[in-house]
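Spelled out from the first residue to the last, the chains are:
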Amino acid sequence: MAIASKGSCNLCGKVLSKSGMTRHLSMCGDSMPSRSAGSLHLVVESPWAKEYWLHLAAPVGKPLQDVDRFLRFHWLECCGHLSLFRTQGDTYYSSKFEPGDKTMRVKLGSVAGPGSRLAYEYDIGSTTPLTIHVAGLRGSTPDGRVQLLARNDDPGTLCSACRKNKASTICVECENGDRKGWLCHTCAAEHDCDEDMRLPVLNSPRAGVCGYTGTPFG
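Conventions used here
- The residue count restarts for each chain, going from 1 along the sequence in the order it is written.
- For this predicted model, a pLDDT threshold of at least 70 governs which residues receive local features, and a threshold of 80 or more governs which side-chain atom pairs are given and counted, while totals over whole chains, interfaces and linings are taken from all residues.
- Calculated side-chain values reflect all of the structure's heavy atoms, with hydrogen atoms and water omitted.
- Burial classes follow relative accessibility: with a 1.4 Å probe on protein chains only, a residue under 20% of its type's maximum area counts as buried, one over 50% as exposed, and anything between as partly exposed.
- Helix and strand assignments come from DSSP, with helices taken as H or I runs of at least 4 residues and strands as E runs of at least 2, each series counted from the N terminus.
- We call two N or O atoms a polar contact when they sit within 3.5 Å, provided that within protein one can donate a hydrogen and the other can accept it, with sequence-adjacent residues counted only if both atoms are side-chain atoms.
- In this description, contact between two residues means that some pair of their heavy atoms is separated by no more than 4.5 Å.
- Candidates for patches are residues over 30% relative accessible area with no salt bridge; among them, like charges are joined within 9 Å and nonpolar side chains (Val, Leu, Ile, Met, Phe, Trp, Tyr) within 5 Å.
- Accessible surface is estimated by sampling points in the Shrake-Rupley manner with a 1.4 Å probe; for residues, cover comes only from the protein chains shown.
- Each reported salt bridge corresponds to a side-chain nitrogen of Lys or Arg within 4 Å of a carboxyl oxygen of Asp or Glu.
- As used throughout, the charge tally considers Lys and Arg to be positive and Asp and Glu to be negative, leaving His and the chain termini uncounted.
- Charged side chains are reduced to one point each, which is NZ for Lys, CZ for Arg, CG for Asp and CD for Glu.
- In these notes, a set of buried Ala, Val, Leu, Ile, Met, Phe, Trp, Tyr and Cys residues joined through side-chain atoms within 4.5 Å is what counts as a nonpolar core.
- Two strands pair under a simple rule: DSSP has to find at least two bridges between them.

K.L.:
Can you break down helix H2 (residues 64-76) residue by residue, with the values?
P.N.:
Across the 13 residues of H2, ten count as buried, placing the element largely inside the fold. Along H2, the residues classified as buried are Leu64, Asp66, Val67, Asp68, Phe70, Leu71, Arg72, His74, Trp75 and Leu76.

What follows is the structure, given as structure tokens:
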């Protein structure tokens, strides 16, 4: 399969390697606020499929819930599953399981700062985990909401059957985390499994899981 190592900066349009994007964004746009930081530079990655990554600017005064909503809307949402953030000492849920559970209404700046790391999970059953690293400080976002700074380009995963063409369909019955069910248009037409058990290939770590069929970024 092809693994993308590059992505596009949403601020200036430059195409850079995965490792170079963090360095680039430390100098691109309002990356060095003159007085106080308005937002945190978040690097979001999939630990299972490292070709998928996002760079976000998230306002420090907004709740964790806003980051959750951004990730759901642009990368993960399929069936309204529960989600959570984990810091070194606490867990914050999208909704309470038991009395006393902490929720995502807490402000981002109170639980994270430069150099800190968070773990995130969407869907406690068929879980899509993400890691979040705070790469630095930035100024305020243009509209006061979570802002996309950069993201990976389409990985262009190859068909697991012919190994030549780009995959466009995922057979859920054959997929078991090894991408053996990722098929191009031609091979999908010849595939024996039920067509109702197929999902589209999308630029997201949620591709092929549950009922995920895409979002504006997908």
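Moving on from the coordinates now.
K.L.:
For the side chain of asparagine 152, give the residues involved together with the corresponding values.
P.N.:
Topologically, asparagine 152 is positioned in strand S10 (residues 147-152). Assessed through its relative accessible area of 2%, asparagine 152 is described here as buried. Here the side chain of asparagine 152 touches tryptophan 53 through a polar contact of 3.1 Å, landing on its backbone nitrogen. Contacts of asparagine 152, omitting those with residues within four sequence positions, involve Lys6, Gly7, Glu51, Tyr52, Trp53, Trp75 and Asn203.

K.L.:
A description of a negative patch on the surface should follow, citing residues and the corresponding values.
P.N.:
Together, Glu173, Asp194, Glu195 and Asp196 line one region of the surface with negative charge. Looking at the element boundaries, aspartate 194 is found in the loop between helix H4 (185-189) and strand S13 (198-200). Relative accessible area serves as the criterion here: at 44%, aspartate 194 is assigned to the partly exposed category.

K.L.:
Tell me about the side chain of arginine 179, and name the residues and values.
P.N.:
In this fold, arginine 179 is placed in the loop between strand S11 (169-171) and strand S12 (182-183). For arginine 179, a relative accessible area of 12% translates into the label buried. Here the side chain of arginine 179 touches glutamate 51 through a polar contact of 2.9 Å, side chain to side chain.

K.L.:
Outline the nonpolar core, supporting the account with residue identities and numerical values.
P.N.:
Among the nonpolar cores identified, the biggest contains 32 residues, and Leu42, Val44, Leu56, Leu64, Leu71, Phe85 and Tyr120 are the most heavily contacted of them. Of all elements in the fold, only strand S3 (39-45), strand S4 (53-59), H2, helix H3 (108-111), strand S8 (117-122) and strand S9 (128-138) reach the threshold of two or more residues within this core. Of the residues forming this core, the biggest block, six residues, is contributed by H2. With sequence-adjacent residues up to four places away left out, phenylalanine 85 is seen in contact with Leu64, Val67, Asp68, Asp90, Thr91, Tyr92, Met104, Leu118, Ala119, Tyr120 and Ile132. With eight residues, the next largest nonpolar core counts Met21, Leu25, Ala57 and Ala150 among its residues.

K.L.:
Hey, could you go over the sheet that holds S11 for me, with residue numbers and the actual values?
P.N.:
The strand order across the open sheet formed by three strands is S12-S11-S13, and the pairing between neighbours is antiparallel. The open sheet terminates on both sides in strands that have one partner only, identified here as S12 and S13. Note: S11 against S13, three bridges, orientation antiparallel. Looking at the pairing, threonine 169 lines up with proline 200 of S13.

K.L.:
Please set out the pairing of S8 residue by residue, giving values where relevant.
P.N.:
Pairing between strand S5 (residues 83-86) and S8: four bridges, direction antiparallel. In the strand pairing of S8, serine 83 is matched with tyrosine 122. Inspection of the sheet shows S8 paired to S9 by six bridges, in the antiparallel sense. By the bridge assignment, glutamate 121 is partnered in S9 with proline 129. If you look at the hairpin formed by S8 and S9, you'll find five residues sitting between the two strands, and aspartate 123 has a positive phi there, around 75 degrees.

All we've got here are geometric facts, nothing functional implied.
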